[in-house]
Every structure is written in C-alpha cells, then in structure tokens.
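Here are the chains, one letter per residue:
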Amino acid sequence: KKDQPLGDASGEDLVVYATDEGRAAGDQYIALYDLDVGGFRGLPNLDDAGSEGEPCISNDGRFIAFSATRGSGTGSDLYIYDRLLRTVQSRPALSTERDETWPRFAYDSVELAFARRLASGEKRVKLYAPVADTLIALPGLDGPSGVDDDMPAPNVNGSRIAFVSNRAGTLDVLVWNRAGGLATIPALASPGLDTEPALTANGRWLAFASDRPGGAGGFDVYLYDLTADSLVTLPGLNSAGNDRHPSVSAGGDVIVFQSDRSGGGGRNDLYRYIRSNAAVDQPAAFKSASDDIQPYLKSQ
C-alpha cells in the first residue's frame with residue numbers, strides 16, 4: 001500500500017482491516033483505506049512476521065490497535081501502532097503469556113477494551129489504560145466460571161461495553177453499564193449465534209452479526225438502537241451469503257461489513273451500507289481476490 005509522509009495521521013473516514021492480498025491465504029496484515037480520497041494510507045513499520053488481525057483505530061486517527069502472533073511463544077498479543085511516529089508499541093499488560101485478542105479503543109483513546117484467555121481456559125473482557133499500562137476494574141461484568149466473555153465494544157469512555165457471552169448456552173450480545181451493571185436485552189439474544197458487536201461513541205447504535213432464524217442468509221447484520229430499545233430495519237443490506245463483522249459510523253448511518261456474497265472478488269470482500277438511502281456500495285479497492293476481513297470504521 002502507498003506510504004504517506006512521515007508524521008501523517010490524517011483522514012476522516014477511514015477503514016482499517018485485515019487482508020492477505022499478495023500473500024498466502026490466511027497470512028493477514030493490516031491495511032488502512034481512506035473512503036474520502038479513494039486510496040490507501042501507508043502504515044510503515046507496522047507489518048512483521050506472523051499474522052495480524054482484528055484492527056481498530058482511535059477516534060483521532062493516530063493509533064491502530066491489533067492482535068498478532070509474532071513468534072514470542074505467548075500466542076496472540078496486542079500491539080498499538082502510532083501513525084505519527086510510525087512505531088509499534090508493545091505494552092507489557094497487553095502481551096502476557098495468555099492470549100489477548102479483539103482490541104477496541106474507547107473513543108477517547110485513553111482506554112482499550114480487549115479479551116484475555118485465563119489460565120482456566122475462559123475468556124474475560126478487560127479494560128486497559130495505556131497511559132499507566134494498567135487494567136481498569138469492570139465491576140459486575142465477569143461471567144461465572146466455565147463461560148466465555150469476548151469481543152468487547154466500548155463507548156466513548158468505557159462506561160458502557162457491549163460484548164459476547166455464552167453464559168445462556170449460545171453466543172448472545174450483552175451490554176454492561178458502569179452505573180447500572182449488566183443488561184440482558186431480548187433483541188440481542190436468539191437461538192442462533194449473536195456475535196461481533198460494534199458500538200458507537202455515544203453508546204446508542206449497536207451493530208452485530210447473527211445467524212438467527214428469519215434472516216436473508218447465513219449470518220446477517222443487525223442494528224439496535226439502545227436509546228429507542230428497538231432493532232432498526234436495514235433494507236437491502238443483507239444477502240444470501242454471510243454478512244458479518246459490522247462497524248458503524250458515529251451517527252449510525254454508515255455500516256461497513258464483510259461478506260462472501262456472490263459477485264465479490266474473493267472469499268470475503270468489504271462493503272459499505274448507507275442507511276439514509278438504503279444502498280450498498282463497494283469501493284473498487286474492496287473488490288479483490290484476497291480475503292479482506294474484520295473492517296473497523298473511523299467516521300466523524
């Protein structure tokens with residue numbers, strides 16, 4: 001991808017994602033696409049040996065957090081890339097002997113939510129403060145022994161976190177609030193698999209994927225309005241294929257997602273859906289023979 005000048009962390013409407021373009025299938029690296037200029041932003045010094053994935057970008061566009069296996073012998077660790085300094089930061093609290101996955105910045109970029117696998121095997125949601133390289137307590141969030149809590153999606157300051165848990169037997173999306181504790185919302189749970197949540201900065205719009213009955217295909221994308229306590233219709237978004245891993249813009253109007261629907265260029269392509277005109281489009285760069293997955297949208 002084309003590099004940008006040193007110290008450049010610009011771009012308003014950016015999509016960061018994982019791709020194996022130009023490499024063996026499954027050997028993923030991180031790419032950053034600017035929807036406004038229709039081109040890629042360079043990420044010099046980010047790529048390294050091993051596979052990288054699950055990227056997210058801070059609201060100011062400066063930092064990209066991602067998971068990677070880099071031969072340390074500790075499994076999956078988390079790293080933070082600084083677009084201004086062009087350096088990858090390895091933080092001790094994010095690179096332990098346990099697997100750390102699914103990093104998601106709170107939008108103030110001061111906290112980072114992620115999942116860690118415990119010695120006992122269960123996954124737990126954690127909230128990290130990069131400035132102090134320490135963890136922040138999340139009272140009332142952890143599930144009981146024997147269940148997994150995974151894929152956290154925080155709001156602007158980590159006071160609300162949506163996440164996935166199997167504590168009811170199948171994967172459901174739960175919502176934790178620092179002030180009110182854990183909320184189980186019927187529309188976010190189903191007999192199927194409800195997964196891959198994405199929450200806007202204001203904590204209102206929650207996108208997720210589900211293979212629940214009544215959908216258009218395998219997995220479909222859903223949007224829930226936490227203010228109105230209702231699912232929002234998304235006409236024209238879902239297909240007969242698997243539509244999943246949504247990321248939603250700050251105002252809830254734009255959703256970027258991955259899909260293996262017919263007509264794409266590879267196994268999974270990226271698409272953009274605009275609620276205001278119920279349209280799905282695909283920038284030319286997103287239609288490639290590579291496997292392009294796990295999009296995360298930064299949008300003002």
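Remember, predicted model here, so these are calculated numbers, not experimental data.

(A) The pairing of strand 1 (residues 14-19), seen in detail. Across the 6 residues that make up strand 1, a large majority, 6, are buried. Because side chains alternate across strand 1, one face comprises the buried residues Leu 14, Val 16 and Ala 18, and the other comprises Val 15, Tyr 17 and Thr 19, equally buried. In terms of strand pairing, strand 1 meets strand 2 (residues 29-34) through 6 bridges, oriented antiparallel. Following the sheet pairing, Leu 14 is matched in strand 2 by Asp 34.

(B) Geometry of the pattern of salt bridges. Applying the stated criterion to the full structure yields 18 salt bridges. Asp 149 is the salt-bridge partner of Arg 167, the closest N and O atoms lying 2.8 Å from each other. Of this pair, Arg 167 sits in the loop between strand 13 (160-165) and strand 14 (172-177) while Asp 149 sits in strand 12 (residues 149-154); the two residues are 18 residues apart in sequence, bridging distant segments of the chain. The structure contains a network of salt bridges with shared partners spanning Asp 8, Asp 34 and Arg 41.

(C) Here's a closer look at the environment of Pro 213. Looking at where Pro 213 falls in the secondary structure, it is placed in the loop between strand 17 (205-210) and strand 18 (220-225). When the C-alpha positions of Pro 213 and Tyr 128 are compared, they lie 36 Å apart, and in sequence the two are 85 residues distant.

(D) Representation of the sheet that holds strand 11 (residues 134-136) in the model. Strand order across the open sheet formed by 4 strands is 8-9-10-11, with antiparallel pairing between neighbours. The sheet terminates laterally at strand 8 (100-105) and strand 11, the two strands that pair on one side only. Looking at each pair of strands side by side, their axes are set apart by 40° on average, direction ignored.

(E) Quick peek at the nonpolar core. Ile 64, Phe 66 and Leu 112 are the most contacted members of the largest nonpolar core, which has 26 residues in total. Elements with a contribution of two residues or more to this core: strand 1, strand 2, strand 4 (52-57), strand 5 (63-68), strand 6 (77-82) and strand 9 (112-117). Counting residues per element, this core draws most heavily on strand 5, which supplies 5 residues. Excluding its chain neighbours within four sequence positions, the residues that come into contact with Ile 64 are Val 16, Leu 32, Leu 43, Pro 55, Cys 56, Ile 57, Tyr 79, Ile 80, Tyr 81, Arg 83 and Phe 105. In terms of nonpolar packing, the next biggest core, distinct from the first, is built from 15 residues, Met 151, Ala 153, Leu 188 and Tyr 224 among them.

(F) Spatial organisation of the sheet that holds strand 20 (residues 243-248). Strand order in the open sheet formed by 4 strands is 20-21-22-23, with antiparallel pairing between adjacent strands. Two strands lie at the open edges of the sheet, namely strand 20 and strand 23 (279-281), each paired on one side alone. Pairs of neighbouring strands in the sheet enclose a mean axial angle of 30°, with direction left out of account. Taken together, the 6 bridges between strand 21 (residues 254-259) and strand 22 (residues 269-274) define a ladder with antiparallel strand orientation. Residue pairing in the sheet places Ser 259 in a bridge with Asp 269 of strand 22.

What counts, and at which threshold
- Within each chain, residues carry numbers counting from 1 in the order of the written sequence.
- The predicted nature of this model means local features are confined to residues of pLDDT at least 70 and side-chain atom pairs, given and counted, to a pLDDT of 80 or more, with totals for whole chains, interfaces and linings taken over all residues.
- Side-chain metrics rest on all non-hydrogen atoms present in the structure, leaving aside hydrogens and water.
- With a 1.4 Å probe rolled over the protein chains alone, any residue whose accessible area is under 20% of its type maximum counts as buried; one over 50% counts as exposed, and the rest are partly exposed.
- Secondary structure elements follow DSSP: runs of H or I of four or more residues count as helices, runs of E of two or more count as strands, with numbering from the N terminus.
- Being paired, for any two strands, means DSSP has found at least two bridges between them.
- Should a side-chain nitrogen of Lys or Arg be within 4 Å of a carboxyl oxygen of Asp or Glu, the pair is scored as a salt bridge.
- Every axis in this analysis is a line fitted to C-alpha atoms, fitted for helices over the stretch in contact. Angles between the N-to-C directions lie between 0 and 180 degrees.
- In these notes, a set of buried Ala, Val, Leu, Ile, Met, Phe, Trp, Tyr and Cys residues joined through side-chain atoms within 4.5 Å is what counts as a nonpolar core.
- We call two residues in contact when some of their heavy atoms are within 4.5 Å.

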